[in-house]
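Fold and contact review
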Amino acid sequence: MRDIFILLRVHQWLKNIFVFLPLFFDRQLTVWSNLSICITAFFSFSFAASSIYCFNDIYDVEKDRTHPKKCKRPIASGSLSKHMGYLLMIICAGLSLLIALFIPAMERHNLLIIIAFYYILNIFYCIRLKQIALVDVFIIAFGFVLRILIGGVATGISISQWIVLMTFLLALFLAFAKRRDDVVIYEGTGLKPRRNVNRYNLQFMNQAISIIASITMMCYIMYTVSDEVVERMHTSYLYGTSVFVLAGIMRYLQITIVDVKSGSPTKVLMTDRFIQICIVGWVATFYVILYC
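Report on the accompanying structure. (Residues numbered from 1 in each chain as written. Predicted model: local features only at pLDDT ≥ 70, side-chain atom pairs only at ≥ 80, totals over all residues. Heavy atoms only, no water.)

Quick look at the overall build of the protein chain
So the rule is basically this: Each helix is a run of H or I in the DSSP string that is no shorter than four residues. Each strand is a run of E no shorter than two, and both are numbered from the N terminus. As defined in this context, the radius of gyration uses C-alpha atoms, and a globule is described by 2.2 Å times the residue total to the power 0.38.
When its secondary structure is counted, the protein chain shows 14 helices and zero strands. From first element to last, N terminus to C terminus, the protein chain shows the α and β order α-α-α-α-α-α-α-α-α-α-α-α-α-α. A compact globule built from 292 residues should have a C-alpha radius of gyration of about 19 Å, and the protein chain, at 19 Å, falls within 12% of that. Seen through its principal axes, the protein chain has C-alpha atoms that stretch 55 × 45 × 30 Å.

What follows is the structure, encoded as structure tokens:
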């Protein structure tokens, strides 16, 4: 069971919390009818994502066996067979469709279109697109935008362009930080964790990460003080949440460049106390401003 959970990357479901952001920003997080639909959409999407993880590990099994970290994955290490991987892939895809049936008909139709698009896009990503430098990180970032759209479509909430833009920038920042870890391995050992890793180097990655971090922070500050958001949220105090965003991004830069431990953003979020405090502080401050 432990190997199955590792193969399905259940811990990566943490990234799918982005599904709830439209509900949070629209002040409907406490409305049970919408929250229950969003929870259903969360699990439907999560099982679809786990199905993709199964396919990825099956397709990359030979390359993973030469990777210093990925060689411990269940299929690469031999703990689970390819046949079991395919079976789990089909089961997860089926569960995704089954769970989606609990969402109202109109919302379900649009939800399944987005999930199907995500599924097909990531199949192509696993087979070919992740081998193309820059295209790989932009697809990862776009995947987080799809998570936001799923939350909005499932609940019928209109998505602000600010939320889409900031989600894309933050995800792009994390994706570049993750790729930097592969560059460090390549330059230190000569092994290619990814075929396109030679199209990156540390100088380029450091500059790209710094540029995106700066744009993300500036975009967030502009979001909190924009007339549109102040009028929509009925408050001019959102800028107070900026300190947590700035601190969190700076901490992640430190983990990436100084500690060289950005290979798994999910693991960083689950283990780093400083970033956890920033996230809790941001959510709590935003909640007080919007809901109290």
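Now, onward.
What to know about the nonpolar core
Quick reminder of the rule: Nonpolar cores were defined as sets of buried Ala, Val, Leu, Ile, Met, Phe, Trp, Tyr and Cys residues, with membership established by side-chain atoms within 4.5 Å. Buried means the residue's accessible area, taken with a 1.4 Å probe over protein chains only, is under 20% of the maximum for its type, while exposed means over 50%, and partly exposed covers the values in between. For this analysis, residues touch if any pair of their heavy atoms sits within 4.5 Å.
F25, F173, F176, Y223 and F286 are the most contacted members of the largest nonpolar core, which has 46 residues in total. Elements supplying a minimum of two residues to this core: α2 (21–25), α8 (135–155), α9 (161–189), α10 (202–225), α11 (227–233), α12 (242–259) and α14 (273–291). A per-element tally of this core places α9 first, with 12 residues. For Y223, the contacting residues outside a window of four places in its chain are F25, W162, M166, V229, M233 and F286.

A look at the packing of aromatic side chains
Stated precisely, the cut-off is as follows: Any Phe, Tyr or Trp ring, taking Trp's six-membered ring, that has another such ring centre within 6.5 Å forms a pair; planes under 30 degrees apart are called stacked, those over 60 apart edge-to-face, and the others tilted. A positively charged side chain is recorded as over a ring if its NZ (Lys) or CZ (Arg) lies within 6 Å of the ring centre. The angle to the ring normal must also be within 35 degrees.
Counted by the stated rule, this structure contains 24 aromatic pairs. On the basis of an interplanar angle of 70 degrees and a centroid distance of 5.1 Å, the ring pair of W13 and F47 is categorised as edge-to-face. With W13 in the loop between α1 (2–8) and α2 and F47 in helix α3 (residues 32–59), this residue pair connects regions lying 34 residues apart in the sequence. You'll find W13 and F47 in the same group, each marked buried. Plain terms: the ring middles of Y200 and F204 are 6.0 Å apart, the flat faces sit at 20 degrees to each other, and that makes the pair stacked. Three or more aromatic residues joined by ring pairs form one cluster here, namely F24, F25, W162, Y220, Y223, W282, F286, Y287 and Y291. One residue, R147, lies across the ring of F144, its end atom 4.5 Å from the ring centre.

Brief notes about unusual backbone geometry
For R9, which is not a glycine, the phi torsion comes out positive at approximately 50 degrees. Here R9 lies in the loop between α1 and α2. Positive phi outside glycine occurs at L134, with the angle close to 75 degrees. On the secondary structure map, L134 appears in the loop between α7 (105–127) and α8.

So, the pattern of salt bridges
To keep things clear, this is the line we draw: Think of a salt bridge as a Lys or Arg side-chain nitrogen and an Asp or Glu carboxyl oxygen that are within 4 Å of each other.
Tallying each qualifying case throughout the model produces nine salt bridges. With a shortest N-O distance of 2.1 Å, K130 and D60 are connected by a salt bridge. Taken as a pair, K130 in the loop between α7 and α8 and D60 in the loop between α3 and α4 (61–64) lie far apart in primary sequence, 70 residues in all. Across the pair R73 and D64 runs a salt bridge whose closest N-O atoms are separated by 3.5 Å. Residue D64 is classed as buried on the basis of its relative accessible area of 5%.

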